[in-house]
Amino acid sequence: MTCGAILVLPLLVAAPQQPIELTDHTADVFSLAFSPDGKLLASASKDRTVRLWDATTGEPVRTLKGIAGDALRVAFSPDGKRLACGGADGTLRTWNPATGDAVLNVKAHANWVAGVAYSRDGKRIATASADKTAAVWDAETGAKVAQFRGHTEEVWAVAFSPDGKTVASAGKDKSVRVWDAATGDEVKTLGGHESEVYALSFDRAGALMSSSADRTVRVWDVAKGEAARFGTHAGGVYAAVESRGRVFVSGSDKSVRALDRETGNPVQVFQPHKADAYAVAVSPDGKRVATGGKDRLIRLYALEK
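These notes cover the structure that comes with them. Since we're looking at a predicted model, the values are computed, not measured.

**Here we look at the overall build of the protein chain**
Piece 1. A tally of helices and strands in the protein chain yields zero helices and 28 strands.
Piece 2. A globule of 305 residues ought to have a C-alpha radius of gyration of about 19 Å, and the protein chain, at 18 Å, matches this closely.
Piece 3. In terms of overall dimensions, the protein chain has a C-alpha envelope of 50 × 45 × 30 Å along the principal axes.
Piece 4. Per-residue burial over the protein chain gives 58% buried out of 305 residues.

Here you go:
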């Protein structure tokens with residue numbers, strides 16, 4: 001991709017098979033995550049629950065409660081032995097997904113915890129909050145390791161770099177900021193989005209992807225501070241995740257699409273949700289995709305090889 005180019009999306013060329021629909025949530029589904037072994041799917045919802053599902057059949061496994069407000073974001077630890085959730089009550093919670101037992105309950109922020117992410121070694125958890133800050137916590141004890149101050153509005157998203165040395169955060173102020181994970185010092189500000197940034201993720205090549213209400217995904221070379229605009233979409237982009245050469249995006253236009261990682265061209269389009277498609281997740285083996293949205297539905301697709 002050429003830095004700064006806007007890619008025009010051609011007609012979509014393939015559609016996946018009919019999905020399994022999971023209908024147990026009673027309110028918006030904000031976040032989805034597959035376990036590292038691909039056996040479980042976790043969902044976070046406005047109905048104040050986190051639910052675990054069999055990732056192959058879609059059968060419910062258990063419901064995790066304890067969030068005093070909306071459950072906003074879920075993330076599995078790299079070894080799959082913990083599941084973290086950020087809540088509208090300002091807490092960071094973790095559970096043992098095998099038993100459903102609570103492990104941590106930390107009053108992490110003064111407002112919503114809208115983003116959570118584990119470091120690759122599983123020893124730390126990063127959080128993003130509507131209190132305009134982000135932070136890093138010890139995953140075992142819940143002790144605060146670092147706090148990041150500099151955003152001027154709510155922070156919606158957070159991600160560890162692959163080497164764990166830096167943390168990226170983004171939110172309503174349109175900026176993507178990069179921080180030293182140990183000291184809390186700001187390393188770099190990445191500007192270019194024209195509206196708030198909803199989500200962040202690093203792809204396998206180490207590039208940082210940011211999803212925005214400005215209808216774009218940007219793929220950043222963090223060292224250079226430059227980004228390519230990965231297509232223009234019909235609505236704001238809530239999430240983007242890379243898997244095996246494809247970027248899966250979900251948006252306010254109710255759609256979920258798979259784009260070619262190199263060209264930005266659409267490869268697949270998934271059944272549209274009835275309202276905003278907030279969440280998309282891909283299994284570690286790349287064989288399943290889950291989508292969720294404001295219509296309370298989760299759809300689980302089996303992908304062709």
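**A word on the sheet that holds strand S6 (residues 71–76)**
Piece 1. Ordered in space as S6-S7-S8-S9, the four strands form an open sheet in which the pairing is antiparallel. Every other strand in the sheet has two partners, leaving S6 and strand S9 (102–107) as the edge strands with one partner each. The mean inter-strand angle of the sheet, taken between neighbouring strand axes irrespective of direction, is 15 degrees.
Piece 2. With five bridges joining them, strand S8 (residues 91–95) and S9 adopt antiparallel strand pairing. In the sheet register, Thr-94 faces S9, and the bridge partner there is Leu-104.

**Some thoughts on unusual backbone geometry**
Piece 1. The backbone of Lys-174 shows a phi angle near 80 degrees, a positive value even though the residue is not glycine.
Piece 2. Among the structural elements, Lys-174 can be located in the loop between strand S15 (166–171) and strand S16 (176–180).

**Let's talk about the pairing of strand S4 (residues 50–54)**
Successive side chains on a regular strand alternate, one facing one side of the sheet and the next facing the other.
Piece 1. The buried fraction of S4 amounts to four of the five residues, a majority that puts the element mostly inside the structure.
Piece 2. As defined by bridge partners, strand S3 (residues 40–45) adjoins S4 across five bridges and the pair is classed as antiparallel. Opposite Ala-44, over in S4, you have Val-50 as the bridge partner.
Piece 3. Sheet analysis places S4 next to strand S5 (residues 60–64), joined by four bridges and oriented antiparallel. Looking across to S5, one finds that Leu-52 is bridged to Arg-62.
Piece 4. Between S4 and S5, which pair antiparallel and follow one another directly, the connecting turn spans five residues, one of which, Gly-58, has a positive phi of 80 degrees.

**Some details on the nonpolar core**
Piece 1. Within the largest apolar cluster, 14 residues are counted, with the highest numbers of intra-cluster contacts made by Val-50, Val-74, Phe-76, Leu-83 and Cys-85.
Piece 2. Of all the secondary structure elements, the ones that give two or more residues to this core are S3, S4, S6 and strand S7 (83–87).
Piece 3. Setting aside residues up to four positions removed in sequence, Cys-85 forms contacts with Val-50, Ile-67, Ala-71, Leu-72, Arg-73, Val-74, Thr-91, Leu-92, Arg-93, Trp-95 and Val-116.
Piece 4. Core analysis: the second largest hydrophobic core is formed by 13 residues, Ala-117, Ala-128, Ala-146 and Val-155 among them.

Criteria and cut-off values
- Residue indices begin from 1 for each chain and proceed along its sequence in written order.
- Two thresholds apply to this predicted model, a pLDDT of at least 70 for residue-level local features and 80 or more for giving and counting side-chain atom pairs, whereas whole-chain, interface and lining totals are computed over all residues.
- The basis for every side-chain value is the complete set of non-hydrogen atoms in the structure, without hydrogens or water.
- Numbered from the N terminus, helices here are DSSP runs of H or I no shorter than four residues, and strands are runs of E no shorter than two.
- Radius of gyration here is computed from C-alpha atoms only, and the compact-globule reference equals 2.2 Å multiplied by the residue count raised to the power 0.38.
- Between buried and exposed lies partly exposed: a residue is buried under 20% and exposed over 50% of the maximum accessible area for its type, with that area taken using a 1.4 Å probe on protein chains only.
- Between any two strands, pairing holds if DSSP finds at least two bridges.
- Axis definition: a line fitted to C-alpha atoms, limited for helices to the stretch in contact. Angles are taken between N-to-C directions and run from 0 to 180 degrees.
- Put simply, a nonpolar core is a bunch of buried Ala, Val, Leu, Ile, Met, Phe, Trp, Tyr and Cys residues held in one set by side-chain atoms that sit within 4.5 Å of each other.
- Contacts are assigned to residue pairs with any non-hydrogen atoms lying within 4.5 Å of each other.

Function cannot be inferred from these measures alone, as they are strictly geometric.
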